[in-house]
Amino acid sequence: MNDTLTSYLGGQWVAGDGGGNAVADAVTGDHLHLVSSGGLDLPGAVTFARDVGGPALRSLTFPERAALVKAAAAALSERKQELYDLSAKAGATLSDAKVDVDGGFGTAMVYAGLGKRGLPDGTVVVEDDPIQLGKEGLFFGQHILTSRQGLALQINAFNFPVWGMLEKLAPALLAGVPSIVKPATPTAYIAQHAVRIMVEAEVLPEGALQIVCGSIPGLFDLLDGQDSVGFTGSAETAAKLRSDPAVTQRSVRFNAEADSLNSSILGPDAGPGTPEFDLFVDALITEMTVKAGQKCTAIRRAFVPTEHLEEVADAVSTKLSEVVVGAPGAEGVTMGALVGLDQRDDVRAKVAELAAGTTTVFGDPQTVEVVGADAERGAFISPVLLRSDDPAVAAVHAVEAFGPVSTLMPYESAAQVVELVARGQGSLAASVVSYDDDFTRHVVQNIASHHGRVLALDRDSAPESTGHGTPMPQLVHGGPGRAGGGQEEAGLHAVFDHLQRTAVQGSKARLLSVTGSGQAR
Ligand code: NAP
């Protein structure tokens with residue numbers, strides 16, 4: 001029997017040749033299926049996207065495309081339970097699954113709204129008023145944005161199979177660009193089912209969305225300057241793909257989101273008994289345990305004023321001792337499994353690397369009590385809180401254990417914590433948890449250059465705060481340096497990234513005729 005996960009290419013569900021990688025249930029260890037793209041017609045998929053999907057999308061106005069995005073999100077919302085059920089097989093509790101699934105269609109809904117309200121009723125964005133270039137007023141210039149005539153190749157990480165796809169798909173659809181999605185093998189079945197739901201709802205034009213489950217040999221060779229690649233995953237894979245001739249020689253646009261050693265900083269004012277102390281502790285627990293810490297924005301480095309370090313370590317340990325690890329849905333379980341046994345091996349190896357410069361405050365990566373499942377067959381791991389009394393230890397600023405692992409570190413001054421945060425060499429997100437205006441202003445202004453997003457958290461904003469780890473589609477998601485140097489989300493800028501900016505020159509009347517008056521945004 002061929003139990004290979006099917007791909008959706010050229011308007012058909014097709015299975016690879018077998019072989020490939022076996023994927024197991026993260027909770028039970030049972031075999032689920034094989035993932036292989038062997039024998040699939042990838043060149044045909046590229047042609048189908050370019051010749052069928054692209055023209056169909058480009059024939060629609062921005063508001064019509066926004067309506068498609070909304071319809072796709074609504075279709076997913078209607079069948080979200082199916083995606084929750086599949087997510088449980090990947091170790092996700094219901095609340096973890098909601099972060100991915102509801103977060104995914106919610107993000108698409110936000111993009112649909114941004115597109116409807118913020119883009120013109122046409123197919124061309126006019127960026128500015130005509131700029132006079134000649135003394136006599138005969139010659140002008142103006143910038144327009146139009147759809148690139150290629151495709152968007154998405155290469156996604158395993159941790160957000162639905163959200164990671166939709167945050168890339170929505171801007172591409174708005175821009176009139178078809179997508180080919182290549183999900184990560186361990187959770188490809190969840191992304192594939194989300195695609196199935198959208199295909200069955202018949203909300204998107206043929207060719208606007210295809211998915212290839214398995215590897216994509218030779219696909220980069222087919223890409224050119226009208227195409228883009230949106231990558232999320234490890235820095236190592238990002239580096240390999242970034243050096244492909246498609247990127248280096250043919251100028252395929254390449255956006256990467258990679259590893260990130262995100263920080264949270266407790267202000268000196270926020271001692272025990274203050275609301276900010278509790279907010280800091282709660283955020284750290286959330287970031288360590290949601291999706292078992294497999295979140296690109298999770299807090300890996302927690303900086304605490306030296307005088308509060310013991311109290312923070314005690315408060316976090318107490319709360320971690322209340323975490324119940326086990327099968328999603330089993331009685332009382334608050335943290336699920338990692339995505340698979342390979343990932344658990346990887347997290348254990350990374351904790352071993354961190355051990356050289358740290359002591360363990362809570363947890364043992366080799367042992368965990370598990371509810372409703374077998375601790376060895378499933379990819380379970382205990383939350384692990386480390387402490388490095390010497391914050392200069394290199395590993396804590398360089399090694400990302402992609403699981404429920406975080407390190408506490410002391411600092412003495414605002415200037416020192418700014419310098420320590422920068423040792424992460426570029427991150428997605430940081431939090432400054434303080435009620436002291438001067439401290440917060442100094443730290444935010446001085447760490448901003450190393451981050452895509454900074455949260456200033458205090459008692460006033462906490463009731464409505466979306467939290468440290470949640471990217472918002474209206475805002476930048478992405479970070480400099482180690483974090484990949486890209487921006488996966490940034491409101492309408494993520495749409496504009498798929499459009500070509502062109503300066504058009506001529507008489508004012510000619511420009512108005514070319515650009516169409518009234519389309520300026
Ligand atoms: P990965 O191994 O870099 O894989 C990411 C994606 O790239 C997957 O879809 C993978 O497909 C694909 N890929 C790998 N080699 C490729 C190649 N030569 N050509 C085209 N595609 C290729 O990352 P991962 O397995 O998802 O996670 C590994 C590590 O990445 C984690 O431990 C963590 O450190 C980091 N990570 C970071 C983020 C983030 O958002 N910052 C998210 C997840 C993971 P296959 O799965 O089929 O190999």
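Let me sum up the structure you'll find in this document. Everything quoted here is computed from the prediction, not taken from an experiment. Once a new chain begins, its residue numbering starts again from 1 and follows that chain's sequence as written. Note on the predicted model: pLDDT of at least 70 is required for a residue's local features to be given, and 80 or more for side-chain atom pairs to be given and counted; whole-chain, interface and lining totals, by contrast, use all residues. Note that water and hydrogens are dropped before the side-chain values are worked out from all heavy atoms of the structure.

### Thoughts on the overall build of the chain
And step 1. We count a stretch as a helix when DSSP gives it H or I for four or more residues in a row; a strand needs E for two or more, and each element gets its number in order from the N terminus. Scanning the chain for helices and strands turns up 15 helices and 22 strands.
And step 2. Taking 2.2 N^0.38 as the reference for a compact globule, 521 residues should give roughly 24 Å; the C-alpha atoms of the chain span a radius of gyration of 24 Å, in line with that estimate.
And step 3. Principal axes of the C-alpha set define a box for the chain whose edges measure 70 × 70 × 40 Å.
And step 4. Counting every position in the chain, which comprises 521 residues, the buried fraction comes to 55%.
And step 5. Accessible surface, the chain: about 20200 Å² in total, of which carbon and sulfur atoms supply 51%. Both definitions apply: the radius of gyration is a C-alpha atom measure, and the globule rule equals 2.2 Å times residues to the power 0.38. Only protein chains enter the accessibility calculation, which uses a 1.4 Å probe; a residue is then buried when its area is under 20% of its type maximum, exposed when over 50%, and partly exposed in between. A 1.4 Å probe and the Shrake-Rupley method give the accessible areas. Residues count as covered only by the protein chains that appear here.

### Thoughts on the site of the ligand
And step 1. Around the ligand, 26 residues are found, and the nearest of them are Thr-185, Ser-234, Thr-237, Ala-258 and Glu-400.
And step 2. At a separation of 2.6 Å, an oxygen atom of the ligand approaches a polar side-chain atom of Thr-185.
And step 3. Under this definition, polar contacts are N or O atom pairs within 3.5 Å; protein pairs additionally need one hydrogen-donor-capable and one acceptor-capable atom, and for neighbouring residues in sequence, both atoms have to be side-chain atoms. A distance of 2.6 Å is found between an oxygen atom of the ligand and a side-chain nitrogen or oxygen belonging to Ser-234.
And step 4. Protein chains shield 80% of the accessible area of the ligand, which is 870 Å² for the free molecule.
And step 5. Think of a 1 Å grid over just the protein atoms. A cavity is a set of points where a 1.4 Å probe fits yet cannot get out, a pocket is an open set with protein on both sides within 12 Å along at least five of seven lines, and lining residues have an atom within 4 Å of a point. Molecules are considered to sit inside a cavity or pocket once more than half of their atoms lie within 2 Å of its grid points. Its atoms largely coinciding with the cavity grid, the ligand occupies the largest pocket.
And step 6. Those elements giving two or more residues to the shell around the ligand turn out to be strand 11 (228-232), helix 7 (235-242) and helix 11 (341-355).
And step 7. Per-element accounting of the shell around the ligand gives the leading share, three residues, to helix 7. A single heavy atom is enough: if one lies within 4 Å of a molecule or strand, its residue is considered near that molecule or strand.

### Here we look at the sheet that holds strand 18 (residues 427-433)
And step 1. Strands qualify as paired when DSSP identifies two bridges or more between them. The seven strands are arranged 15-16-17-14-13-18-19 in an open sheet whose pairing can be described as mixed. Only two strands of the sheet have a single neighbouring strand rather than two, namely strand 15 (359-362) and strand 19 (451-457). Taking the axes of each pair of neighbouring strands and ignoring which way they run, one obtains an average angle of 25° across the sheet.
And step 2. Here three bridges tie strand 15 to strand 16 (residues 384-387), and the two strands are oriented antiparallel to one another. Each residue of the ladder has a partner; that of Thr-359, found in strand 16, is Arg-387.
And step 3. Residue contacts are counted whenever heavy atoms from the two residues lie within 4.5 Å of one another. Axes here refer to lines fitted to C-alpha atoms; in helices the fit is confined to the stretch in contact. Angles between the N-to-C directions go from 0 to 180 degrees. Most of the contacts of helix 12 (residues 414-422) go to strand 14 (residues 299-305), to which it runs at about 165°, and overall it touches strand 13 (262-266), strand 14, strand 17 (405-411) and strand 19.

### A look at the layout of surface pockets
And step 1. Grid points are joined across faces, edges and corners, and a volume is the space filled by probe spheres set on the points. Its boundaries defined by the atoms lining it, the largest pocket holds a volume of some 1300 Å³.
And step 2. Around the largest pocket, the lining comprises 47 residues; the ones closest to its centre are Phe-158, Ala-184, Thr-185, Pro-186 and Gln-343.
And step 3. The set of elements that each furnish at least two residues to the lining of the largest pocket consists of strand 3 (21-24), strand 11, helix 7 and helix 11.
And step 4. Each residue is assigned to one class: nonpolar for Ala, Val, Leu, Ile, Met, Phe, Trp, Tyr, Cys and Pro, charged for Asp, Glu, Lys and Arg, and polar for all the others, Gly among them. A breakdown of the residues in the lining of the largest pocket according to their chemical character gives 22 nonpolar, 14 polar and 11 charged.
And step 5. The space that makes up the second largest pocket amounts to roughly 430 Å³.
And step 6. What lines the second largest pocket is a set of 25 residues, and nearest its centre among them are Thr-466, Gly-467, His-468, Gly-469 and Thr-470.
And step 7. Only helix 4 (94-118) and helix 9 (275-289) provide two or more residues apiece to the lining of the second largest pocket.

### Some remarks on the nonpolar core
And step 1. Ranked by internal contacts, the top residues of the largest apolar core, which has 60 residues, are Ile-265 and Leu-408.
And step 2. With seven residues, the single largest contributor to this core is helix 9.
And step 3. In these notes, a set of buried Ala, Val, Leu, Ile, Met, Phe, Trp, Tyr and Cys residues joined through side-chain atoms within 4.5 Å is what counts as a nonpolar core. Counting 59 residues, the second-largest nonpolar core is a separate cluster that includes Leu-169, Leu-174, Ile-197 and Phe-496.

### Here's the deal with the packing of aromatic side chains
And step 1. Paired rings are identified among Phe, Tyr and Trp, the last through its six-membered ring, by centres lying within 6.5 Å, and are further divided according to the angle between planes into stacked (under 30 degrees), edge-to-face (over 60) and tilted (the rest). Considering all chains together, one arrives at five aromatic pairs under this definition.
And step 2. Measuring from ring centre to ring centre gives 6.4 Å for Phe-231 and Phe-254, while their planes differ by 15°; the resulting arrangement is stacked. Separated by 23 residues along the polypeptide, Phe-231 in strand 11 and Phe-254 in strand 12 (residues 253-257) bring together distant segments of the chain.
And step 3. Looking at Phe-231, the relative accessible area reads 3%, which means it is buried.
And step 4. You can call Phe-254 buried: its relative accessible area is 17%.
And step 5. For the ring pair Tyr-411 and Phe-439, a centre distance of 6.4 Å and an interplane angle of 15° mean the geometry is stacked. Of this pair, Tyr-411 sits in strand 17 while Phe-439 sits in helix 13 (residues 437-447), and the two are 28 residues apart along the sequence.
And step 6. Our definition puts a charge over a ring when NZ of Lys or CZ of Arg is within 6 Å of the ring centre and also within 35 degrees of the ring normal. In this arrangement the basic side chain of Arg-65 is found over the ring face of Phe-62, its NZ or CZ atom lying 4.8 Å from the centre.

### Let's talk about empty space enclosed by the protein
And step 1. Counted under the stated rule, the structure contains three cavities of 30 Å³ or more.
And step 2. Of the voids in this model, the largest cavity is the one considered here, and its volume is about 140 Å³.
And step 3. In terms of lining residues, the largest cavity is bounded by 16 residues, among which Ser-87, Ala-90, Ala-92, Asn-159 and Lys-291 are the most central.
And step 4. With three residues, helix 4 is the single largest residue contributor to the lining of the largest cavity.
And step 5. The class makeup of the residues in the lining of the largest cavity is eight nonpolar, five polar and three charged.

### A look at a negative patch on the surface
And step 1. Only residues whose relative accessible area exceeds 30% and that form no salt bridge enter a patch; like-charged residues are grouped when within 9 Å of one another, and nonpolar side chains (Val, Leu, Ile, Met, Phe, Trp, Tyr) when within 5 Å. The rule for a salt bridge is simple: a side-chain nitrogen of Lys or Arg has to be within 4 Å of a carboxyl oxygen of Asp or Glu. For the purpose of charge, His is not counted, nor are the chain termini; Lys and Arg are scored as positive and Asp and Glu as negative. For charged residues, the charge sits on one atom: NZ in Lys, CZ in Arg, CG in Asp, CD in Glu. Together, Glu-307, Glu-311, Asp-314 and Glu-412 make up a region of like negative charge exposed at the surface.
And step 2. Topologically, Asp-314 is positioned in helix 10 (residues 309-320).

Worth remembering: the numbers are spatial, not functional.
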